[in-house]
Structure formats: structure tokens, C-alpha cells
Amino acid sequence: MSTKVLVCGSSGQLGIELVSEFRARGYDVTAWDRPELDITDRARVEQAIGDLDPAIVINAAAYNQVDVAESEPEAVLQVNSLAVRNLALACRQTDAFFVHYSTDYVFDGKAGRCYTEQDQPHPLGAYAVSKYAGELYAQAYLESPLIIRTSGVFGPGGLNTARGNFVELMMRLAESGNTIRVVVDHVASPTYAPALASRTADLVERKLTGVYHIGGGTPIAWFDYARLIFRVLGISPELKPTNEREYRTAAHRPKYSALCNTKMEQAGLAPMPPLEDCLKDYFVRRGKLVGGSKA
């Protein structure tokens, strides 16, 4: 009998890839999203996971509306913090291995370099605080969870999800014909969901625990990221740089939140593929989803 895996948040762009990756490796995967299981309901979580009795629980569910979170901190804490506690407690009761995703936003971005797992988190806003609290809940209730911090996830599933991703946003803005303004003074490491799902499975199969960073491997300013997207697409919309001072948002974001993948690579995992290669693959897969057209 194959190992049973539960993926929570299975309809998100990462969840879709996790379900596909683990099934391709021969696991018995159950895919649940909110209609199947509201992870903020502690009693329901305990009952559902107890009944299913998976060997591995992967939490890819998240509240990731960073700016909206500033006006509804209770809601973001319910999903990103207390729901993680619910899952961790259920995993403790069933002796399941728990995998949870966190974010580069747990850092304040003031180091001016890629962050390692040894760097001390200092979250700046409601979303970031909620994600760090989720990490702490997982570590408080379980002896050996696997916590994966990532950055700017994008995958073909973003084509059909409610909020999409940065690539889809840039494509929509390009189609509008208006000038596109993107911040040039914020740096992250955009992460391709299929590659992240594959590395996640590698970590699980090696039975590794603790905190691991899996970022895209390419520290890049969001403006340069947008420019790369358009270059790969072969289009030239009017793109102008802006900065944090000109483009104010409700949430305070870290200026340099790229992640260092050294620990992951030292564990024997393959380096993350170059961002340009990821974008090329993204558009090939996206084209198949929309009938063979990039756009």
C-alpha cells in the first residue's frame, strides 16, 4: 500500500503542483481545499485527519492578501497561525509528518543580502507576523516538523486561481496598453511552483526536518522581474521603474527578502532552475491550458 499524503490548500498554484508531484511519485494523495476541510475549525480538522490517518500532511493553504491583512488581522491570524496549530495538533495525535510553508516576509529586509535559516526573523506587518506565528505553532506542538520558507510563488495554476500571480498581473497590464510601473527598490527570489513541489518531495523522502529555505535562486528586483517576463514573452510594453516612496502600500514590505538555498543544496537537492528557464516553462504549460497560445 502506498504512503498516504494529505495536501491542504490543494487548489492553489502550489497545492496543484504538490498533488501532481506526489502522485507522480506513487503516493496515495488526498487533495483538500476549504470546501473539503476548513482548517480554521479545530474540531473538524482533528476528526477529518483522524479519520483519514495520513502519514504526511502538507499545508499549502494560506491567507496571502498582504495589504488587506492590515485591516483584518484577526482573519489572517486564523488562517496563517491558528489553523497551523490545528493541523499540528492533529498531526501530533495521529503521528503524521507535518510540512508547512512560510515566507520570506518573516524577515525585515534590512540585511541587504539573501537570508539564511540562521537569520533571526523580524516580521513587519500583519501577514508577516501571522506567518511567523504559524512557524512557531508548528514547532511548539511537534518535535520535528518541516517548515519551508519560500518567496513570490508562481505556477501555471495561477491562471485559474482568484488572485493569480505576478506573471499573470504583468500580462494583464501589458494587454491594457497603459504604462506599467513596478518597484525597482524591492528584491525577492521568485519561486516556480513545480520546482518548489519537486524539492519539497525530495526533502520529505530524505526525512529532513527543521526550517529550509527554497527560494527561486535568483535575487531580482520586481522591476527587473517584470522586464524579464516581457523579454521572454517577446513583447515591449511601456515599463517604468518606481519605488517604495512613490508606490505606497498598506503593508510595510521587506526591501530585500531573497532567500539563500545553501542548506537545501547541502542536503543533496538540486539547485533551483534559473528564473528565465522557469518562465519559459511557465508559458509553455500556460499555453497548453489556454489552447496553445501564450497570451
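Residues numbered from 1 in each chain as written. Predicted model: local features only at pLDDT ≥ 70, side-chain atom pairs only at ≥ 80, totals over all residues. Heavy atoms only, no water.

Moving on, we come to the overall build of the protein. Each helix and strand counted, the protein has nine helices and 12 strands in total. A globule of 295 residues ought to have a C-alpha radius of gyration of about 19 Å, and the protein, at 19 Å, matches this closely. Oriented by its inertia axes, the alpha-carbon framework of the protein measures out at about 55 × 40 × 40 Å. Working note: accessible area of the protein is about 13200 Å², and carbon and sulfur atoms make up 47% of it. Separation of charge centres in the protein, based on 31 positive and 34 negative side chains, amounts to 4 Å. (Helix = DSSP H or I, 4+ residues; strand = E, 2+ residues; numbered from the N terminus. Rg over C-alpha atoms; globule rule 2.2 N^0.38 Å. Areas by Shrake-Rupley, 256 points an atom, 1.4 Å probe, with all protein chains shown as cover. Lys, Arg positive; Asp, Glu negative; His and termini not counted. Charge placed at Lys NZ, Arg CZ, Asp CG, Glu CD.)

Counting across every chain of the model gives 15 salt bridges. Its salt-bridge partner being Glu 168, residue Arg 286 comes within 2.7 Å of it at the nearest N-O pair. Taken together, the residues Arg 286 in helix α9 (residues 275–289) and Glu 168 in helix α5 (residues 166–176) connect sequence positions 118 residues apart. Relative accessible area serves as the criterion here: at 6%, Arg 286 is assigned to the buried category. Across the pair Asp 185 and Lys 255 runs a salt bridge whose closest N-O atoms are separated by 3.6 Å. (Salt bridge = Lys/Arg side-chain N within 4 Å of Asp/Glu carboxyl O. Buried < 20%, exposed > 50% of the residue type's maximum accessible area, 1.4 Å probe, protein only.)

For the rest of this paragraph, the subject is unusual backbone geometry. Phi at Asp 53 is positive, roughly 55°, even though this residue is not glycine. Counting through the fold element by element, Asp 53 comes out in the loop between α2 (42–52) and β3 (56–59). Although it is not a glycine, Asp 95 sits at a positive phi angle of roughly 60°. Looking at the secondary structure, you find Asp 95 in the loop between α3 (73–94) and β4 (97–103). The class for Asp 95 is exposed, based on a relative accessible area of 71%.

What follows is about the side chain of Asn 261. Topologically, Asn 261 is positioned in the loop between β12 (239–242) and α8 (262–266). Within the structure, Asn 261 has its side chain in polar contact with the backbone nitrogen of Gly 215 (distance 2.8 Å). Aside from chain neighbours lying at most four places away, what touches Asn 261 is His 213, Ile 214, Gly 215, Gly 216, Gly 217 and Met 272. (Polar contact = N/O pair within 3.5 Å; in protein donor to acceptor, adjacent residues only side chain to side chain. Contact = heavy atoms within 4.5 Å.)

Moving on, we come to the sheet that holds strand β1 (residues 4–8). Spatial strand order, β2-β1-β3-β4-β5-β10: six strands in an open sheet with parallel pairing. Two strands bound the open sheet, and with one partner strand each, they are β2 (28–32) and β10 (210–213). Between one strand and the next, the sheet's axes are offset by a mean angle of 20°, whatever the strand orientation. In the sheet, β3 pairs with β4 via four bridges, with the strands oriented parallel. (Pairing = 2+ DSSP bridges. Axes fitted to C-alpha atoms, helices over the stretch in contact; angles between N-to-C directions.)

Side chains of residues three or four places apart in an α-helix project in the same direction, reflecting 3.6 residues per turn. Taking 1.5 Å as the rise per residue, helix α1 (residues 13–24) with 12 residues should run 16 Å; its terminal C-alpha atoms sit 17 Å apart, in good agreement. Within α1, the full set of buried residues consists of Gln 13, Leu 14, Gly 15, Glu 17, Leu 18, Val 19, Glu 21 and Phe 22. Just downstream of α1 lies Gly 26, where phi reads positive at about 95°. (Expected span 1.5 Å × (residues − 1).)

Glancing now at the nonpolar core. Core analysis: the largest hydrophobic core is formed by 53 residues, its most contacted members being Tyr 225, Ile 229 and Leu 279. For this core, the element with the most residues is helix α7 (residues 222–233), which contributes nine residues. Those residues in contact with Tyr 225, other than ones at most four positions away along the chain, are Phe 154, Phe 166, Val 167, Pro 190, Ile 220, Leu 275 and Leu 279. In this structure, Ile 49, Ala 83, Ala 88 and Ala 90 belong to the second largest nonpolar core, which totals 23 residues. (Core = buried A, V, L, I, M, F, W, Y, C linked by side-chain atoms within 4.5 Å.)

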